[in-house]
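Chain by chain, the residues run as shown.
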Amino acid sequence: MRDRSQEVPELMRAEPRDRTCHGGDVDPDGPARPVLWLCAGIAALAGIAAVLGLLQQGGSGPFPAETVRGQVVELSGRGLYRYDTVFTAAGSRGTDLVTLVAGIPLLAGAAVGSWRGSARSGLVLLGTLGYFLYVYAGYALGAIAYNELFLLYVVLFSAALYAFVLVCAAFFRQDPAGLFPAGTPRRGPAALMFASAVVLLVVWGAPLVSAALAGTSPAGLGPYSTEFTEALDLAVITPAAVWAGVLILHRDPRGYLIAVSLLVLEILLAPLIIAQTVLQLRAGAAFTPPEIIGPMAGFVVLAVAAAAVLVAILRHVPAAAPRPGRAAHSRTGGSP
């Protein structure tokens, strides 16, 4: 019987090896090549979208507009995000900046590391793809107003989604216990996952419950039809964090896979919030000092905690464990 406890999922590799499928056809690349091409496409297209978002500045400037609810809001009137509010347009440029200077380099580095056989890079790649999925799901599904790059956002959303699924499936398809041996910390990661879930419930849930009880729309809704970020965080991120914490406490290695994807996202949220706040202030958004310092300090603390937990987890992951010679579907006989 082959010992698979130290196998790293074959996400990417530098040397293709022939693998025979059940029907006898050769499948030399498995998930490796699609993931590589998807990552390259995401990096290129996200770079284009980010540069255009940052550099396009044409337009007459801010102008008032009445929403379907009878509220008067100020729209940006400039650049790619001219039909967004001044607040959202500046925040979106902050997101583009972080994607350009942090997200894309991290994606490229993690993809190359995974291609060379690093399990740690593969885990970071999973989390980085989660970041791109989070950002471009928002852009494609209504977090910002429609603009001429809508189809590009849809392509990025789709590419990030399927790359994330392929990488995640490659980890789940093979026994992940070898990646997270018995000494991998449990209490710290689980506590941070539970704390993250509670923070999201309070920060997003409380205002939504208050608005629902009062029979009004949320204060920051503006001209938009729904609160996409709140919906995504409450419906997907919060349950995922709770699930990861529970699995980790029960010594289930699948919990670490979920946690890693959330930890990378939490780390990137700190520069994201800082960049958004700075650009919103430059655009004329009105903040009190506590409104400036509080969120930035909070997300920096969260990012530091997430980075510490991520490093603690990755330290126990084999740096270059042997990779399997065949994918799960390629076994032609014999003992597994």
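Quick note: structure is the one above.
Residues numbered from 1 in each chain as written. Predicted model: local features only at pLDDT ≥ 70, side-chain atom pairs only at ≥ 80, totals over all residues. Heavy atoms only, no water.

Undergrad: Explain the nonpolar core to me, please; I cannot follow it from the model alone.
TA: The nonpolar side chains of a soluble globular protein tend to be buried with one another. Of all hydrophobic cores here, the largest spans 75 residues; its most connected members are Ile42, Leu125, Leu129, Phe132, Tyr136 and Tyr153. Broken down by element, the residue count for this core peaks at 15 residues, all from helix 3 (residues 119-141). Apart from the residues within four sequence positions on either side, Ile42 is in contact with Gly47, Leu107, Leu129, Phe132, Leu156, Ala159, Ala160 and Ala163. (Core = buried A, V, L, I, M, F, W, Y, C linked by side-chain atoms within 4.5 Å. Buried < 20%, exposed > 50% of the residue type's maximum accessible area, 1.4 Å probe, protein only. Helix = DSSP H or I, 4+ residues; strand = E, 2+ residues; numbered from the N terminus. Contact = heavy atoms within 4.5 Å.)

Undergrad: What am I meant to see in the pairing of strand 1 (residues 63-66) here?
TA: For a regular strand, side chains alternate in direction, first toward one face of the sheet and then toward the other. As defined by bridge partners, strand 1 adjoins strand 2 (residues 72-75) across four bridges and the pair is classed as antiparallel. Within strand 2, the residue paired with Phe63 across the bridge is Leu75. Turn length for the strand 1-strand 2 hairpin, with the two strands adjacent in sequence and antiparallel, is five residues, and the turn residue Gly70 shows positive phi of about 85°. (Pairing = 2+ DSSP bridges.)

Undergrad: Would you mind going over the environment of Leu55 with me for this structure?
TA: Take Leu55: it is sitting in helix 1 (residues 32-55). Leu55 sits 25 residues away from Leu80 along the chain, and the two C-alpha atoms are 8.6 Å apart.

Undergrad: Whenever I open this one, the pattern of salt bridges confuses me. Can you help?
TA: When the charged atoms of two side chains with opposite charge come close together, those side chains can pair. Under the defined criterion, the tally for this structure stands at two salt bridges. With a closest N to O distance of 3.2 Å, Arg82 and Glu148 form a salt bridge. Residue Arg82 is found in the loop between strand 2 and helix 2 (86-115), and its partner Glu148 is found in the loop between helix 3 and helix 4 (150-173); the two are separated by 66 residues along the sequence. By relative accessible area, Arg82 is classed as partly exposed at 25%. Where Asp252 meets Arg254, a salt bridge forms, and the shortest distance between an N and an O atom there is 2.6 Å. (Salt bridge = Lys/Arg side-chain N within 4 Å of Asp/Glu carboxyl O.)

Undergrad: Looking at this model, I keep getting lost on the side chain of Thr238. Mind explaining?
TA: With respect to the helices and strands, the residue Thr238 is situated in helix 6 (residues 228-249). Among residues more than four places away in sequence, those in contact with Thr238 are Ala197, Leu200, Leu201 and Asp233.

Undergrad: Is there a simple way to explain a nonpolar patch on the surface in this structure?
TA: A cluster of nonpolar side chains, namely Val51, Leu55, Leu97, Leu100 and Val101, defines an oily patch on the protein surface of about 410 Å² accessible area. Within the residue set of the nonpolar patch, elements represented by two or more residues are helix 1 and helix 2. Per-element accounting of the nonpolar patch gives the leading share, three residues, to helix 2. Checked against the element boundaries, Leu97 lands in helix 2. Judged by its relative accessible area of 34%, Leu97 is partly exposed. (Patch = residues over 30% accessible without salt bridge, like charges linked within 9 Å, V, L, I, M, F, W, Y side chains within 5 Å. Areas by Shrake-Rupley, 256 points an atom, 1.4 Å probe, with all protein chains shown as cover.)

Undergrad: How should helix 4 be read in this particular structure?
TA: Every α-helical turn comprises 3.6 residues, leaving residues that sit three or four positions apart pointing alike. Here helix 4 contains 24 residues, and its C-alpha end-to-end distance of 34 Å stays within 8% of the 34 Å for a straight helix at 1.5 Å per residue. Structurally, helix 4 contributes buried residues whose contacts are with helix 1, helix 3 and helix 7 (254-282). (Expected span 1.5 Å × (residues − 1).)

Undergrad: How should I be thinking about helix 8 (residues 289-314) in this particular structure?
TA: Helix length check: helix 8 (26 residues) gives 37 Å between terminal C-alpha atoms against 38 Å at 1.5 Å per residue, within 8%. Among the residues of helix 8, those classed as buried are Ile292, Ala303, Ala306, Val309, Leu310, Ile313 and Leu314. The secondary structure elements touched by the buried residues of helix 8 are helix 3, helix 5 (187-214) and helix 7.

Undergrad: Explain the packing of helix 5 against helix 7 here, please?
TA: Any two packed helices are characterised by how steeply their axes cross, that is the angle between the axes, and by the distance between the axes. Running from N to C, helix 5 and helix 7 cross one another at 60°; their axes reach a closest spacing of 11 Å. Viewed along their axes, helix 5 and helix 7 adopt a mutual orientation that is oblique. Helix 7 is crossed by helix 5, and the crossing has left-handed handedness. Facing helix 5, whose interface residues are Leu192, Met193 and Ser196, helix 7 presents Ala259, Leu262, Leu263 and Glu266. Its residues assigned to classes, the contact of helix 5 with helix 7 shows five nonpolar, one polar and one charged. (Axes fitted to C-alpha atoms, helices over the stretch in contact; angles between N-to-C directions. Parallel < 35°, antiparallel > 145°, perpendicular 65-115°, else oblique. Left-handed = near helix turned anticlockwise from the far one by under 90°. Nonpolar A, V, L, I, M, F, W, Y, C, P; charged D, E, K, R; others polar.)

Undergrad: How should the packing of aromatic side chains be read in this particular structure?
TA: Aromatic ring pairs are defined here through the distance separating the ring centres and the angle between the ring planes. Inspection of every chain in the model, using the stated rule, returns nine aromatic pairs. Taking the centre distance of 5.0 Å and the plane angle of 75° together, the rings of Tyr139 and Tyr153 count as edge-to-face. Of this pair, Tyr139 sits in helix 3 while Tyr153 sits in helix 4, and the two are 14 residues apart along the sequence. Both residues of the pair, Tyr139 and Tyr153, belong to the buried class. An angle of 25° between the planes, with centres 4.9 Å apart, marks the rings of Phe180 and Tyr256 as stacked. Separated by 76 residues along the polypeptide, Phe180 in the loop between helix 4 and helix 5 and Tyr256 in helix 7 bring together distant segments of the chain. The same class applies to Phe180 and to Tyr256, which are both buried. Through pairs of rings, three or more aromatic residues link up here, namely Tyr81, Tyr131, Phe132, Tyr136, Tyr139 and Tyr153. (Phe/Tyr/Trp six-rings, centres within 6.5 Å; stacked < 30°, edge-to-face > 60°.)

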